[in-house]
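Below are the chains, spelled out letter by letter.
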Amino acid sequence: MTTAAALSKIPVTVLTGYLGAGKTTLLNRILSENHGKKYAVIVNEFGEIGIDNDLIIGADEEVFEMNNGCVCCTVRGDLVRILGGLMKRKGKFDAIIVETTGLADPAPVAQTFFVDEDVMASARLDAVVTVADAKWLSERLKDAPEAKNQIAFADVIVLNKTDLVSKAELLEVEARIRAINPYAKLHPTERCKVALADVLERGAFDLDRILEIEPEFLEAGDDHDHHHDHDHGHHHHDHDHHSHGLKHYHDEDMQSLSLKSDKPLDPAKFMPWLQQLVQTEGGKILRSKGILAFTGDEDRYVFQGVHMMLEGDHQRPWKNDEPRESRVVFIGRELPEQAIRDGFAKCIAQ
Amino acid sequence: MSGFDISGEAASIVSVTDRVREVAVGTPVGAVHFLGDTAVFIGAEENATFVKPDGETSTVALHGGAILSSVTDGKRIVTGGDDGKVMQLDAGAKAELIATEAKRRWIDNVALHPDGAVAWSSGKIAYVRAPKAEEKFFEVPSTVGGLAFAPKGMRLAIAHYNGATLWFPNMAANAEMLEWAGSHLGVMFSPDNRFLVTSMHEPALHGWRLADSRHMRMTGYPGRVRSMAWTAGGKGLATSGADTVIIWPFASKDGPMGKQPAMLAPLQARVSMVASHPKQDILAAGYSDGTVLMVRLTDGAEILVRRNGTPPVAALAWNAQGTLLAFADEDGAAGILPL
Ligand SMILES: [Zn+2]
């Protein structure tokens, strides 16, 4: 008999952020708030958490290369081991949080969930949550590639310490973030005061929950957009691209690239192209995501990837009132934009 | 390099399922060992359950959390826990604390030497405690994946990332590093002390001929190898990880190099555990669908011990005489087959 517990996979939230941004503050909030859930926490800086919990495990962040000789194909060896041990205590906790060091690249953690069969059988990656310091992030984006990686990789960004900056400075740092990653949910906070529902149980890596791929700042009704509206009309007119008054930056080495087609794609062309693209450019591509309409296919096809690792599946039938539009997004470093655009255009069915 | 391709075929099966004595451990099981004719089921957490030949069961508290590793020499069982403790159990069901890790870090691996020495590891450090000797430790470059004592001499193999280290705790000389790229988890010496074999994070085994450190790469598995067992006399190494039991030939001086492994007992399920009969050419195999089979190595004849339809078999062991076979699935549904 297989129990329900064996069937449901434990959600794992990856908590990143540059040194001093407030990761531990957020972690302490998650652990101490009265939510009726029990978290197992895999931490690096043992002892910083002032909460007694026998499910806090110290980790060594051992990044192992896979045997394909590729530097971007890595997993966290310690995580494989620790998750294996934790699963012996199934039922004693509801979810797992993996805190990385301030200098860590989130990719090996995420890739562990794409390649390790034991991890995949028992746990699922929920989201990468990055805590950023509103006062210092702009500086760190200039001098710390790790900080940029963490922003580019994030599904959720907690932009912390907003009380230490002016409105203009806040707009500035938000624009810097959006230049790198326009897709993450962004939550400006003081002392990491964010609703836990906004950082936990996000399902950001759940193929079934990829609903739409739209840059966040274009979405109407987002409850923190009013930050931008204040300055609308009199703030950096000359650089504005968007009506929200958000400055538009172009980050020199980290970008996102969005592709769109309202004509269906030919799966016999798209799939080999995507595979080839991640094989050759996967080192540069941090995250990828897509919703695809294929010729002769009544189902939406969705995929996501981290570097060279991809997973994809048919999701659900297209609804009648839904435009059959394909959207693909890449976030990465020095992306060969024109080559990617040309390659994508060739996948449109004739 | 050696490799294999799997092509399954069905076989008619004799059944002894009605001779199995069922055991209700009641909690998830991680391993089973025999102390004499008493089967000891090691829980995934906290306890061990002793089952005497007359069927009497008793539970012994071992750890304050998960039991991460266990090993036996037939006289005692040593376990490591996520409570940072190394515990020892004897046949009288007495539990004894052997060591406590100072920072309460997990004890990931344990090993036993025929002379009575105990080894354990926590993080990157392997510890050895021999009778009437000081405790010694050795740090390797990355977290220890597995430990094994050599069958002769005081030598400990420590598996880790990018190879295995042979450490001689009683000698001042430097340890010897056997290199091979990748993460090495399980580790075993061959009973004749000629070969060292590791199971890797990727679905493969790696071996070294100890005389000249010559590499032996054993690949072709669809899944990671979690269970390895030397067949009677050490002629072959039986492994899990495929839809059949894979047995690599180790009888010749070159080990399995350039040879095909034997593939026995194919099923529509992954082999999860293997256990060799201590005296005869018979192997027990547990599968991901709960099946347990006995297989005769000489002709591949199979006997059904347990039917499918449960969680994976997580524990499998023979007693030293080869007269009892114990097994349990992940949820703790267990049984003992007298032969
Ligand atoms: Zn790669």
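Residues numbered from 1 in each chain as written. Chains lettered and ligands numbered in written order. Predicted model: local features only at pLDDT ≥ 70, side-chain atom pairs only at ≥ 80, totals over all residues. Heavy atoms only, no water.

Novice: Quick question: what am I supposed to make of the sheet that holds strand E26 (residues 292-296) of chain B here?
Specialist: As a general point, the strands of a sheet are linked pairwise by backbone hydrogen bonds and lie either parallel or antiparallel. Residue and element names in this part refer to chain B. One open sheet accounts for five strands, arranged E1-E27-E26-E25-E24; its pairing is mixed. Each edge of the open sheet carries a strand with a single partner, namely strand E1 (14-15) and strand E24 (271-276). When E24 meets strand E25 (residues 282-287), the two strands line up antiparallel, connected through five bridges. The partner of Val271 across the bridge, within E25, is Tyr287. (Pairing = 2+ DSSP bridges. Helix = DSSP H or I, 4+ residues; strand = E, 2+ residues; numbered from the N terminus.)

Novice: Teacher, can you tell me more about the interface of chain A and chain B here?
Specialist: Interface size is commonly expressed as the accessible area that is lost once the parts come together. At the interface, 22 residues of chain A touch 33 residues of chain B. For the pair chain A and chain B, the summed buried area comes to about 2,200 Å², and 43% of that belongs to carbon and sulfur atoms. When the buried surface of chain A facing chain B is broken down by residue, Asn67, Arg81 and Lys88 of chain A rank first, second and third, together holding 27% of it. At the junction of chain A with chain B, the criterion picks out ten salt bridges. The closest approach of N and O atoms between Arg224 of chain B and Asp118 of chain A, which form a salt bridge, is 3.0 Å. For the side of chain A that touches chain B, the element with the highest residue contribution is helix H3 (residues 77-86) of chain A, accounting for five residues. Residue composition of the side of chain A that touches chain B, by class: eight nonpolar, three polar and eleven charged. (Contact = heavy atoms within 4.5 Å. Buried area = accessible area lost by both parts, 1.4 Å probe. Salt bridge = Lys/Arg side-chain N within 4 Å of Asp/Glu carboxyl O. Nonpolar A, V, L, I, M, F, W, Y, C, P; charged D, E, K, R; others polar.)

Novice: Would you mind showing me how to read the sheet that holds strand E12 (residues 125-129) of chain B here?
Specialist: Residue and element names in this part refer to chain B. Read across the sheet, four strands follow the order E10-E11-E12-E13 without closing on themselves; strand pairing throughout is antiparallel. The open sheet is flanked by strand E10 (109-112) and strand E13 (136-139), the only strands paired with a single partner. Each adjacent strand pair in this sheet contributes to an overall mean axis angle of 20 degrees, direction not counted. Sheet analysis places E10 next to strand E11 (residues 118-122), joined by four bridges and oriented antiparallel. Residue pairing in the sheet places Asn109 in a bridge with Ser121 of E11. (Axes fitted to C-alpha atoms, helices over the stretch in contact; angles between N-to-C directions.)

Novice: What should I look at first to understand the pairing of strand E5 (residues 45-51) of chain B in this one?
Specialist: The side chains of a regular strand alternate, residue by residue, between the two faces of the sheet. Residue and element names in this part refer to chain B. When you tally the buried positions in E5, you get five out of seven residues, the bulk of the element. Pairing between strand E4 (residues 38-43) and E5: four bridges, direction antiparallel. What sits directly across from Ile42, in E5, is Ala48. Turn length for the E4-E5 hairpin, with the two strands adjacent in sequence and antiparallel, is one residue. Direction of pairing for E5 relative to strand E6 (residues 57-72): antiparallel, over a ladder of six bridges. When the sheet's bridge partners are listed, Ala48 is paired in E6 with Val60. (Buried < 20%, exposed > 50% of the residue type's maximum accessible area, 1.4 Å probe, protein only.)

Novice: Sorry, what's going on with the environment of Ala111 of chain B here?
Specialist: All names here are of chain B. With respect to the helices and strands, the residue Ala111 is situated in strand E10. Among the residues examined, Ala111 registers a relative accessible area of 4% and is labelled buried. Spatially, the C-alpha atom of Ala111 lies 22 Å from that of Trp180, the residues being 69 residues apart in sequence.

Novice: I tried to follow the coordination of the zinc ion on my own but got confused; where do I start?
Specialist: Angles at a metal have ideal values that depend on geometry: 109.5 degrees with four tetrahedral donors, 90 or 180 degrees with six octahedral donors. Residue and element names in this part refer to chain A. Distances from the zinc ion to its protein donors, Cys70 (SG), Cys72 (SG), Cys73 (SG) and Met308 (SD), fall at 2.2 to 2.7 Å. Each donor residue of the zinc ion belongs to the same chain, and together they define the spacing C-x1-C-C-x234-M. You can see Cys70 sitting in the loop between strand E4 (63-65) and strand E5 (74-76) and its partner Met308 sitting in the loop between strand E12 (299-306) and strand E13 (309-317), a full 238 residues away along the chain. This pair shows no difference in class: Cys70 is buried, exactly as Met308 is. (Donors = N, O, S within 2.8 Å, 3.2 Å for Na, K, Ca; no water.)

Novice: Looking at this model, I keep getting lost on the side chain of Glu61 of chain A. Mind explaining?
Specialist: Residue and element names in this part refer to chain A. Locating Glu61 in the fold gives a position in the loop between strand E3 (56-58) and E4. By relative accessible area, which is 19% here, Glu61 ends up buried. Within polar-contact distance, the side chain of Glu61 engages the backbone nitrogen of Thr101 at 2.7 Å. Apart from the residues within four sequence positions on either side, Glu61 is in contact with Asn44, Arg76, Asp78, Glu99, Thr100, Thr101 and Ala104. (Polar contact = N/O pair within 3.5 Å; in protein donor to acceptor, adjacent residues only side chain to side chain.)

Novice: It is not clear to me how the environment of Glu334 of chain A should be interpreted in this structure. Could you clarify?
Specialist: Residue and element names in this part refer to chain A. By the secondary structure assignment, Glu334 is in the loop between strand E14 (326-333) and helix H11 (337-345). Sequence separation of Glu334 and Glu281 is 53 residues, and the distance between their C-alpha atoms is 9.8 Å. Not counting the four nearest positions on each side in its chain, Glu334 is found in contact with Asp253, Gln255 and Lys284.

Novice: Please explain the pattern of salt bridges as it appears in this structure.
Specialist: Oppositely charged side chains can form a pair if their charged atoms are brought close together. By the definition in use, this model includes 42 salt bridges over all chains. For Arg270 of chain B, the salt bridge identified is with Asp243 of chain B, shortest N-O distance 3.6 Å. Of the two residues, Arg270 of chain B is situated in the loop between strand E23 (262-264) and E24 and Asp243 of chain B in the loop between strand E21 (236-239) and strand E22 (245-249); the sequence distance between them amounts to 27 residues. For Arg270 of chain B, a relative accessible area of 29% translates into the label partly exposed. The class of Asp243 of chain B is partly exposed, set by a relative accessible area of 30%. Through salt bridges that share partners, Asp116, Glu117 and Asp118 of chain A together with Arg224, Arg226, Asp243 and Arg270 of chain B make up one connected network.

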